[in-house]
Each structure stands twice: as C-alpha cells, then as structure tokens.
Amino acid sequence: MTQSDIKRVILITGTASGIGAACARRLASPETALVLTTRSNQADMETVARECRDMGAEVSTITADLTDPDAAKTLVDHAIQTHGRLDQIVSNAGRGDKRRFGAFDSNDLRQAFDLNTVPFLELVNCAAPHLERSDRGRIVFISSFVTYNVGVNDTIFPLTAASKAATEGLASTLAYQLASSGITVNGVAPGYTRKEGGHAAISPEAWEAAAKATPSGRIAEPADIAAAVAFFLSAEASHVTGQILRVDGGLSLV
Ligand SMILES: NC(=O)c1ccc[n+]([C@@H]2O[C@H](COP(=O)([O-])OP(=O)(O)OC[C@H]3O[C@@H](n4cnc5c(N)ncnc54)[C@H](OP(=O)(O)O)[C@@H]3O)[C@@H](O)[C@H]2O)c1
C-alpha cells in the first residue's frame, strides 16, 4: 500500500455549525477520513456528516463535551479504533464572551480556559504519538481577532482574548518542540465570522457595524476560515509552522 492509498484521518472539533462544519465540508474527499465531533447538537452534525460522505469522505461522528477531562482521550481512541490512524487535528470548538470587567470573576476565567485552551492541550497530548507516525502530521487551532483587535465597536472580549492568547502561547512553543518531528502547529485567527442563526454574543446592529468596521466591508464566511485551515493541513504547507494567519478582511490593519 502506498501513502496515496491511505486516507488522511482528520479530527475536527465543533462540527455542528459554523467554522467547524465548514472545515469538514472543505476537507471532505475520497482521500480523507473525518472524525466529526460536537458537544450536543448531534442532529446538525449528522447533516454535515452526510454532506461529507456525499463528497466521498469516510466519516464517523461522536459527541463529547470538551470540558470533560476525559473527552480528548475518548475522541482520539475513537479515531484510532474506527479509522486505524490519526494524522491531523483541528481544534476549533470554542466560544466568544463579551462580558466586561466587573461582570465576570475568576471562576468565569477558569471556564473560558476550560473550553478555549485546555482541550487544545489535552488533544495534543493524546494525539501526538499518533501524529508522529504520519507523514502529514498537522495541528491547527482556531484563535480569534479579539486577542489583537481590542475594542472594535467598543466591544471587548476579555475572557476570550485571554484564553485564546494562552492557546497561541502553547501553540508556538509546541511548534518549536515538534518541528524536528515533521508535525506542524499553526493557528487561524478569524475576524467576525457569520454564524448560523446569528451570534449569541453580538446583536444584529453590532454585527452590521462589525462589517462596516472591517476594511473589506464584510464579515468572514465560515468557508473563508476553512480555506486557511485546509492550507495549513496541506502537503504544500509542510514547511510552515508556528504561524497565526489572520483571516479578517483587514480588521487587524485598523
Ligand atoms: N464566529 C466568529 O465571529 C468567530 C470569530 C473569531 C473566532 N471564532 C472562533 O471560531 C471557533 C468556532 O466558532 P463558530 O462561530 O463556528 O461557533 P459555533 O457555530 O457556535 O460552533 C461552535 C461549535 O463548538 C461546539 N462546542 C461548544 N462548546 C463545546 C464543548 N464544551 N464541548 C464540545 N464542543 C463544544 C459546538 O457544539 P454544540 O453546538 O453541540 O454545543 C459547536 O459544534 C471558536 O473557537 C470561536 O471562538 C469565531
């Protein structure tokens, strides 16, 4: 069996909607096996899974709450038992929180880290031995513009900014540590990105204002973010590691 006969097995978190679902659709092909996971919205995830199967991908699905300490091991074990290998992970699941100082406490900060930071570390710890056996070992995570662009439309996301910045710190040091193994570690930092059914953290008016504040004049589509993720996972990106690619229509230039 040659390497080209082997399906690349990719684990993607948060695939019921938005960016994770777009990543699944973007990566689905006869050359890929996708492990899709979400917390509880199994119905929408299964719809995404069917679309990916129609594109020729082998697909399995599993629900897990990533704030559960055993979740990462469960997901990686599932990938190995179901598909026989694991080549790449996309740590996407997370959430934005625009509570201002005075409206959150240290417990809220811990919860933000429990979702936006700790699962990245747990997934890496569980998956790294498998990724090391691959010739396309890749780790990609989804960061956020809120770490760089503070106060767009007078909105701040302190909890999200802190937890995503921490993940960026883990990722850059991990990229250095894993570089000689051939595994690359990169992040994509989206600007405001369309959400199905609106954005719990942002009002429709603020959403319009976000598009106006973005130099390109529009917010991102989830597919814009998925395209950047696909690049980092590609064979062509084998010499790119430790990078954060901002996909934000120029928001970071303002
Ligand atoms: N949309 C934006 O404007 C924007 C901007 C910058 C960065 N981002 C980042 O992009 C990533 C995806 O955002 P999105 O807008 O595509 O979000 P989304 O449409 O709300 O989807 C979030 C996904 O993450 C899952 N998830 C949430 N909490 C989880 C948990 N505790 N355990 C397991 N899965 C969980 C959700 O599962 P269930 O639905 O099953 O609960 C869902 O599948 C996030 O990391 C976010 O911070 C988004």
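Refer to the preceding data block for the structure.
Keep in mind it's a predicted model, so treat the numbers as computed, not measured. (Residues numbered from 1 in each chain as written. Predicted model: local features only at pLDDT ≥ 70, side-chain atom pairs only at ≥ 80, totals over all residues.)

Within the protein, the regular secondary structure consists of eight helices and seven strands. Here the C-alpha radius of gyration of the protein, 17 Å, is about what a compact globule of 254 residues would show, namely 18 Å. Across its three principal directions, the C-alpha atoms of the protein cover 55 × 35 × 35 Å. Buried residues in the protein amount to 46% of all 254 residues. The contacts in the protein between residues at least 6 apart in sequence include a share of 77% that link residues at least 24 apart. (Helix = DSSP H or I, 4+ residues; strand = E, 2+ residues; numbered from the N terminus. Rg over C-alpha atoms; globule rule 2.2 N^0.38 Å. Buried ≥ 20, exposed ≤ 12 C-beta atoms within 10 Å, placed from the backbone. Contact = placed C-beta atoms within 7 Å.)

Another point: the pairing of strand β4 (residues 88–91). Neither face of β4 is left uncovered, since the one carrying Q88 and V90 and the one carrying I89 and S91 both have all their residues buried. Relative to strand β5 (residues 138–142), β4 runs parallel, the two being bridged by four bridges. Across the sheet, S91 pairs through a bridge with F141, a residue of β5. (Pairing = 2+ DSSP bridges.)

Turning next to the site of the ligand. Around the ligand, the surrounding shell holds 27 residues, and the nearest of these are G14, G18, N41, A93 and G94. With three residues, helix α1 (residues 18–27) is the single largest residue contributor to the shell around the ligand. Broken down by class, the residue content of the shell around the ligand amounts to nine nonpolar, 14 polar and four charged. (Near = placed C-beta within 6 Å. Nonpolar A, V, L, I, M, F, W, Y, C, P; charged D, E, K, R; others polar.)

Another point: the sheet that holds strand β6 (residues 184–190). Spatially, the seven strands line up as an open sheet ordered β3-β2-β1-β4-β5-β6-β7, and their pairing is parallel. The sheet is open, and its two edges are formed by β3 (58–63) and β7 (244–247), each paired on a single side. When strand polarity is set aside, the average angle formed by the axes of neighbouring strands in this sheet is 15°. The pairing of strand β1 (residues 8–13) with strand β2 (residues 32–38) spans six bridges and is parallel. (Axes fitted to C-alpha atoms, helices over the stretch in contact; angles between N-to-C directions.)

Moving on, we come to the pairing of β2. Counting buried positions over the seven residues of β2 gives seven, a clear majority of the element. The handedness of the β1 to β2 crossover, carried by α1, is right-handed. Sheet topology note: the β2/β3 ladder contains six bridges and is parallel. When the sheet's bridge partners are listed, V35 is paired in β3 with S60. Handedness of the crossover is the feature at issue here: the chain leaves β2, passes through helix α2 (residues 42–54), returns alongside β3, and the resulting connection is right-handed. (Right-handed = clockwise from strand over helix to strand, strands pointing away.)

Next up on the list: unusual backbone geometry. Phi at N153 is positive, roughly 55°, even though this residue is not glycine. Relative to the assigned elements, N153 resides in the loop between β5 and α6 (158–178).

Now for the environment of S216. Along the chain, the position of S216 falls in the loop between α7 (204–213) and α8 (222–233). Separated by 42 residues in sequence, S216 and L174 have C-alpha atoms that sit 33 Å apart. Residue contacts for S216: discarding those within four places in its chain leaves G249 and G250.

A rise of 1.5 Å per residue sets the reference length of helix α5 (residues 118–131), with its 14 residues, at 20 Å; its end C-alpha atoms lie 19 Å apart and thus fit the reference within 8%. All of the buried residues along α5 are V118, P119, F120, E122, L123, V124, C126, A127 and L131. Here the buried face of α5 lies against β1, α3 (71–83), β4, α4 (106–116), β5 and α6. (Expected span 1.5 Å × (residues − 1).)

A separate point is the nonpolar core. A general tendency of soluble globular proteins is for nonpolar side chains to be buried together. Core analysis: the largest hydrophobic core is formed by 69 residues, its most contacted members being C23, A24, L34, L36, I225 and V229. Ignoring any residue separated from it by four or fewer positions in sequence, one finds C23 in contact with I12, V90, N92, A226 and V229. (Core = buried A, V, L, I, M, F, W, Y, C linked by C-beta atoms within 7 Å.)

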